[in-house]
Amino acid sequence: MANLVIDNVIKRYGQTEVLKGINIAIEAGEFLILVGPSGCGKSTLMNSIAGLEEVTEGRILIDDKDVTYANPKDRDIAMVFQSYALYPNMTVEQNISFGLEMRKVPKEDRDIEVKRVAEMLQITHLLHRKPAQLSGGQRQRVAMGRALARRPQLYLFDEPLSNLDAKLRVEMRTEIKKLHQKLGTTIVYVTHDQIEAMTLADRIAVMKDGEVQQLGTPQEIYDNPANLFVAGFMGSPAMNFIPTKVVATDTGPMLELDAVQKTLLPFPNKACLESYVGKTIMLGLRPEMITEPQAHKDGQPFVITTEINVEVTEPMGADTMILTRVKENEINCRSHPAYPAKPGDNIKMMFDTSKAVAFDQETGVRLDV
Ligand SMILES: Nc1ncnc2c1ncn2[C@@H]1O[C@H](COP(=O)(O)OP(=O)(O)O)[C@@H](O)[C@H]1O
Ligand SMILES: [Mg+2]
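Description of the structure in this document. Note that the structure is a prediction, hence the values are computed from the model and not measured. (Residues numbered from 1 in each chain as written. Chains lettered and ligands numbered in written order. Predicted model: local features only at pLDDT ≥ 70, side-chain atom pairs only at ≥ 80, totals over all residues. Heavy atoms only, no water.)

With that settled, the discussion passes to empty space enclosed by the protein. One pass over the full model with this rule turns up two cavities of 30 Å³ or more. The space that makes up the largest cavity amounts to roughly 40 Å³. What lines the largest cavity is simply Leu148, Tyr155, Phe157, Ile176, Leu179, His180, Leu183, Thr185 and Ile187. Among the secondary structure elements, those contributing two or more residues to the lining of the largest cavity are strand 7 (154–158) and helix 5 (166–183). It is helix 5 that provides the largest number of residues to the lining of the largest cavity, a total of four residues. Looking at side-chain class alone, the lining of the largest cavity contains seven nonpolar, two polar and no charged residues. (1 Å grid on protein atoms, 1.4 Å probe; cavity = no way out; pocket = protein on both sides within 12 Å on 5 of 7 lines; lining within 4 Å. Points joined across faces, edges and corners; volume = space filled by probe spheres on them. Helix = DSSP H or I, 4+ residues; strand = E, 2+ residues; numbered from the N terminus. Nonpolar A, V, L, I, M, F, W, Y, C, P; charged D, E, K, R; others polar.)

As structure tokens, then:
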């Protein structure tokens, strides 16, 4: 297990800057996830760590050693890609042991290693099959087995689950998490799926346009997104963004919610609103912050009950999503399935702004930090 330092890494293809100065320090044993929309530079960064791409500027250190210009094979890394191209003419066993054979590991030791990995991934019964005789999930395990047989200092996974169907993806996600808990090896894992990022990571680096927007634990990023982009990208259903006018009151600035009736919402960090009085800011409220009224929350300082107009309801079993609209903005609320709401109804909903966040509408910068 090794630590990994990505020190001000810049990558250009001609004039195009694809990585714009990435700084991430990953601790030994950490599970770090790079998440961001397609094209933001995740694979470029992974390939740079692996040594498959040369960086234009900056340094990469593995286990405190500068490997910026080291050959991929000297970096002691194993990589699993989205397309896990297994050798079609080899059996599962041969696929797993091939890398070891290339590195002249004796047959006896290879056999022990294949057995160990196969047991861990529960593919012992498949060892004599060819890839064509396996399901997608089984092939994925073999690809992982091939990487695990190596016992490297660092694993790189680049969207390893994106070719699998939804159910299998969730199962494999759990398997990967268990594997990390068991092996404790450092992992850098790329995904564009924010749920995968939230569920797997020790820490998440949210990327956009070749830059890290925020680096933090899943909970930090969920509760305290650094800007409008991170707030909108992380969380499902997404955070609601409501353009809200800041008005002066006797008790300081409040937020005027232009719903069925004009409701004044309190906001925890009043000071950050002072310079926005008379202007409009972007209020961020997660769906679970707008729920059916709950008696035990009555009278709490940041809880306001008001009426909304129901546009659509979406029962999800454990709870029901209620969609309403504030001007042109669709708002997702999360209520108990027993709470009566029909399209067209005006119903009472409780806004809890104790964990609400606010952004500058133009720049997307978080105000209440
Ligand atoms: N060899 C290349 N030449 C020029 N541009 C490239 C090359 N490889 C990748 N890019 C560009 O770099 C950006 C980041 O790509 P990539 O790292 O693959 O994104 P991601 O993995 O986040 O989807 C994209 O805009 C892509 O078009
Ligand atoms: Mg990619």
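Turning our eyes to something else, we now look at the site of ligand 1. Taken together, Tyr13, Val18, Pro37, Ser38, Gly39, Cys40, Gly41, Lys42, Ser43 and Thr44 are the residues near ligand 1. Between ligand 1 and the protein, one listed contact pairs an oxygen atom with a backbone N or O atom of Gly41 at 3.0 Å. Contact between ligand 1 and Lys42: an oxygen atom at 2.9 Å from a main-chain N or O atom of the residue. Bound to the protein, ligand 1 loses 55% of the 570 Å² it would expose on its own. Grouping the amino acids of the shell around ligand 1 by side-chain chemistry returns four nonpolar, five polar and one charged. (Near = heavy atom within 4 Å. Polar contact = N/O pair within 3.5 Å; in protein donor to acceptor, adjacent residues only side chain to side chain. Areas by Shrake-Rupley, 256 points an atom, 1.4 Å probe, with all protein chains shown as cover.)

Using the criterion set out here, one finds six aromatic pairs in the structure. Measuring from centroid to centroid gives 6.1 Å for Tyr155 and Phe157, while their planes differ by 40 degrees, and the two rings are tilted. Between Lys208 and the ring centre of Phe229, over which it is positioned, the NZ or CZ distance is 5.4 Å. Lying across the ring of Tyr276, Lys279 places its NZ or CZ 5.8 Å from the centre. (Phe/Tyr/Trp six-rings, centres within 6.5 Å; stacked < 30°, edge-to-face > 60°. Lys NZ or Arg CZ within 6 Å of the ring centre and 35° of its normal.)

By size, the foremost hydrophobic cluster in this structure holds 43 residues, and its most contacted members are Ile96, Tyr189 and Met234. Not counting the four nearest positions on each side in its chain, Met234 is found in contact with Val35, Gln194, Ala197, Met198, Ile204, Val206, Ile221 and Arg286. (Core = buried A, V, L, I, M, F, W, Y, C linked by side-chain atoms within 4.5 Å. Buried < 20%, exposed > 50% of the residue type's maximum accessible area, 1.4 Å probe, protein only. Contact = heavy atoms within 4.5 Å.)

Turning to the environment of Pro337, a few remarks are in order. Tracing the backbone through its elements, the reader meets Pro337 in the loop between strand 19 (329–335) and strand 20 (346–352). The exposure class assigned to Pro337 is partly exposed, which follows from its relative accessible area of 38%. Considered as a pair, Pro337 and Glu314 are 23 residues apart in the sequence and their alpha carbons are 9.6 Å apart. When sequence neighbours within four positions are dropped, the list of residues in contact with Pro337 reads Gly317, Ala318, Asp319 and Thr320.

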